[in-house]
Amino acid sequence: MDSVIEFSSALCLLIGSFLCLSGGVGIIRFPDFYTRMHAVGVTDTLGAGMILVGLMLLRPENLVLIKLIMVLLMTLFINPTASHALARAALHSDLLPLLHRKDKKKGAESSNPW
Amino acid sequence: MLSGIYGLLSASFFVTLDAVDVAFTEAAVGAGIATLLMLVTVTMTGRYEHSARHKPIGALAVVLVTGGLLLYGILDMPYFGSIDAPAHLHVAPRYINGSMQEIGVINIVTSVLASYRGFDTLGEVVVIFTAGVGVLALLSAVRRPEEDVEIDSVNVSMHEKYLILRVVTKILIPFILLFALYVQFHGDYGPGGGFQAGVIFAAAIILYSMLFGMSTARRVISQPIIQLLSAIGVLVYGSVGVVSLLNGGNFLDYNLLSDDPVAGQHLGILLVELGIGCTVTSVMVIIFFNFAGRTEDHMRNERKSA
């Protein structure tokens, strides 16, 4: 039973690290601000969550478990909100996504709902 | 933005060096509040500086000479972390060995900060208070009530735009305030204390005022009370010292605050951390309100003239 818990915790930690790494690769390789935000927002939240779940499996004692659960809840709340705030700030500063920029150059009408 | 990244990296290498209290404070202040204030300043002043009209060669020469002299002075210092360095032999063994018996607090950082070196911490708190007074003297503007009504109407119409952020913030702010209270009183047993708690309190208030508008925030946090609170923090700290004097000992000697010396130390550290928390919170809030108030005036003038 113990080895099952240790194995699943190791698996969660590995998956979490791989997700965070792929988020980092995404920042470098994606062409546009909005796609980069999307890559980091999704993978960092799930990656940090997986790492926290893996740590929770390692230490099921009372106080540390509750603290880790609180940190996980806060991360799940705050990460997507921060990505949303960044994307909204970019849109407010008139940074258009890549496809809209190409449409604008060709002279087609681009409708900006904000 | 680079300064924010630098602050966060400094916090992580403080954690690597096992100095968790310092890392806590650095992450909160350097990566949080300082970046925010820098961004507000850049909003007010503009992104690019004017090109320099003269080449500052004299200043460059002075800087090079001073830097060279400082580097030459460093060559004599002992290696980083060596056992026979004076920093490790002078008072540190007394603090580390005597802290548990004399003060009875588990976190040695708090015992050194608030009890052994209480006078230096009083100086730090007075410096923070002076910074708040300086900002008030330079940047505070008299507000007329009609301006607030006009800002209110803009505020209500923008509710749709910021809906997600406002809902999440309303859920999160009680937890942030609760965490700040926890950090304030947990300084004896783990990383924490007055400085970190004050910054987290101020961060919650700043978050609220960023999303709900400055006029709403000014009605929630009234300016005279915050200014009074910053003075009260320093006053509480000083009063603890004066009470020790009146009881016949040195300034800030906590042993005399109660019958049992260790209980007196605990009481002294508690009151002193409370004073620190009050002053740090109110000064951060004062600085942010004055910076952001000027930005609002600036933008309103631009909107009127446009």
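Residues numbered from 1 in each chain as written. Chains lettered and ligands numbered in written order. Predicted model: local features only at pLDDT ≥ 70, side-chain atom pairs only at ≥ 80, totals over all residues.

Moving on: the overall build of chain A. Tallying secondary structure elements over chain A gives four helices and zero strands in all. Taken from the N to the C terminus, the helices and strands of chain A come in the order α-α-α-α. Within chain A, buried positions represent 11% of all 114 residues. For chain A, the share of sequence-separated contacts (at least 6 apart) that also reach a separation of at least 24 residues comes to 62%. (Helix = DSSP H or I, 4+ residues; strand = E, 2+ residues; numbered from the N terminus. Buried ≥ 20, exposed ≤ 12 C-beta atoms within 10 Å, placed from the backbone. Contact = placed C-beta atoms within 7 Å.)

Another aspect to go through is the overall build of chain B. On a plain count of helices and strands, chain B comes out with 13 helices and zero strands. Taking the principal axes of its C-alpha atoms as reference, chain B extends roughly 65 × 55 × 35 Å. For chain B, the proportion of its 306 residues judged to be buried stands at 26%. Excluding contacts between residues fewer than 6 apart, the proportion of contacts in chain B whose partners are at least 24 apart in sequence is 71%.

Moving on: helix α7 (residues 118-139) of chain B. All names here are of chain B. Here α7 contains 22 residues, and its C-alpha end-to-end distance of 32 Å stays within 8% of the 32 Å for a straight helix at 1.5 Å per residue. Restricting attention to buried positions, one finds in α7 the residues Gly118, Thr121, Leu122, Val125, Ile128, Phe129 and Gly132. One face of α7 carries all of its buried residues, which in axial projection span an arc of 125°. Exposed residues lying more than 90 degrees from the buried face of α7 are Phe119, Asp120, Gly123, Val127, Thr130, Gly134, Ala137 and Leu138. (Expected span 1.5 Å × (residues − 1). Arc of directions from axis to C-beta.)

Residues and elements named next belong to chain B. Between the first and last C-alpha of helix α12 (residues 223-246) there are 34 Å, a value that for 24 residues agrees with the 34 Å anticipated at 1.5 Å per step. Listed in full, the buried residues belonging to α12 are Ser230, Gly233, Val234, Tyr237, Val240 and Ser244. Looking one or two residues beyond α12, the residue adopting positive phi is Gly248, at roughly 105°.

Moving on to unusual backbone geometry. All names here are of chain B. With a phi angle near 70°, Asp18 is a residue other than glycine that sits in the positive phi range. By secondary structure assignment, the location of Asp18 is in the loop between α1 (2-16) and α2 (20-45). Although it is not a glycine, Leu252 sits at a positive phi angle of roughly 65°. Looking at the element boundaries, Leu252 is found in the loop between α12 and α13 (261-305).

A few words now on the confidence of the model for chain B. Here chain B averages 83 in pLDDT, and 91% of its residues register 70 or above. Confidence metrics for the complex model read pTM 0.82 and ipTM 0.77. (pLDDT = per-residue confidence, 0-100.)

In terms of nonpolar packing, the biggest core is built from 43 residues, with Val199, Ile200, Ala202 and Met284 of chain B touching the most fellow members. When contributions to this core are tallied by element, the ones reaching two or more residues are α2, α6 (108-116), α7, α9 (163-185), α10 (194-212), α12 and α13 of chain B. The greatest single-element share of this core, amounting to twelve residues, is contributed by α13 of chain B. Looking at which domains feed residues into this core, each of domain 1 (1-47) and domain 3 (106-305) of chain B supplies at least three. Ignoring any residue separated from it by four or fewer positions in sequence, one finds Val199 of chain B in contact with Ala28, Val29, Ile33, Val280 and Met284 of chain B. If you look at the next biggest cluster of nonpolar residues, it comprises six residues, including Cys12, Met50, Ile51 and Leu52 of chain A. (Core = buried A, V, L, I, M, F, W, Y, C linked by C-beta atoms within 7 Å. Domains from an automatic or database assignment.)

All right, on to the packing of helix α3 (residues 62-92) of chain A against α9 of chain B then. Closest axis-to-axis distance for the α3 of chain A/α9 of chain B pair is 10 Å, and the angle between their directions is 150°. If you check the angle between α3 of chain A and α9 of chain B, you find them roughly antiparallel. The interaxial crossing formed by α3 of chain A with α9 of chain B has left-handed handedness. Contacts between α3 of chain A and α9 of chain B involve Phe77, Thr81, His84 and Ala85 of chain A from the former and Ile164, Leu165, Val168 and Leu172 of chain B from the latter. When the residues that make up the contact of α3 of chain A with α9 of chain B are grouped by side-chain class, the tally is six nonpolar, two polar and no charged. (Axes fitted to C-alpha atoms, helices over the stretch in contact; angles between N-to-C directions. Parallel < 35°, antiparallel > 145°, perpendicular 65-115°, else oblique. Left-handed = near helix turned anticlockwise from the far one by under 90°. Nonpolar A, V, L, I, M, F, W, Y, C, P; charged D, E, K, R; others polar.)

With that settled, the discussion passes to the interface of chain B and chain A. Across the contact, four residues belong to chain B and four residues belong to chain A. Within the side of chain B that touches chain A, the residues separate by chemical class into four nonpolar, no polar and no charged.

What follows covers the packing of α2 of chain B against α10 of chain B. Residues and elements named next belong to chain B. One way to put it is that α2 packs onto α10 with a least axis distance of 9 Å and a crossing angle of 30°. As summarised for this structure, α2 and α10 are arranged roughly parallel, according to the angle between their axes. Viewed along their axes, α2 and α10 form a crossing whose handedness is left-handed. Across the interface between the two elements, Phe24, Thr25, Ala28, Val29, Gly32, Ile33 and Leu36 of α2 pack against Phe195, Gln196, Val199, Ile200, Ala203 and Ile206 of α10. For the contact of α2 with α10, a count of residues per class yields ten nonpolar, three polar and no charged.

It is worth spelling out the confidence of the model for chain A at this point. Residues and elements named next belong to chain A. Predicted confidence across chain A gives a mean pLDDT of 84, with 89% of residues reaching 70 or more. No element of chain A has a lower mean pLDDT than helix α4 (residues 98-106), at 68, and none a higher one than helix α1 (residues 2-29), at 91. Taken together, the stretch residues 108-114 has pLDDT below 50 and engages in five contacts with residues farther than four places along the chain or on a different chain.

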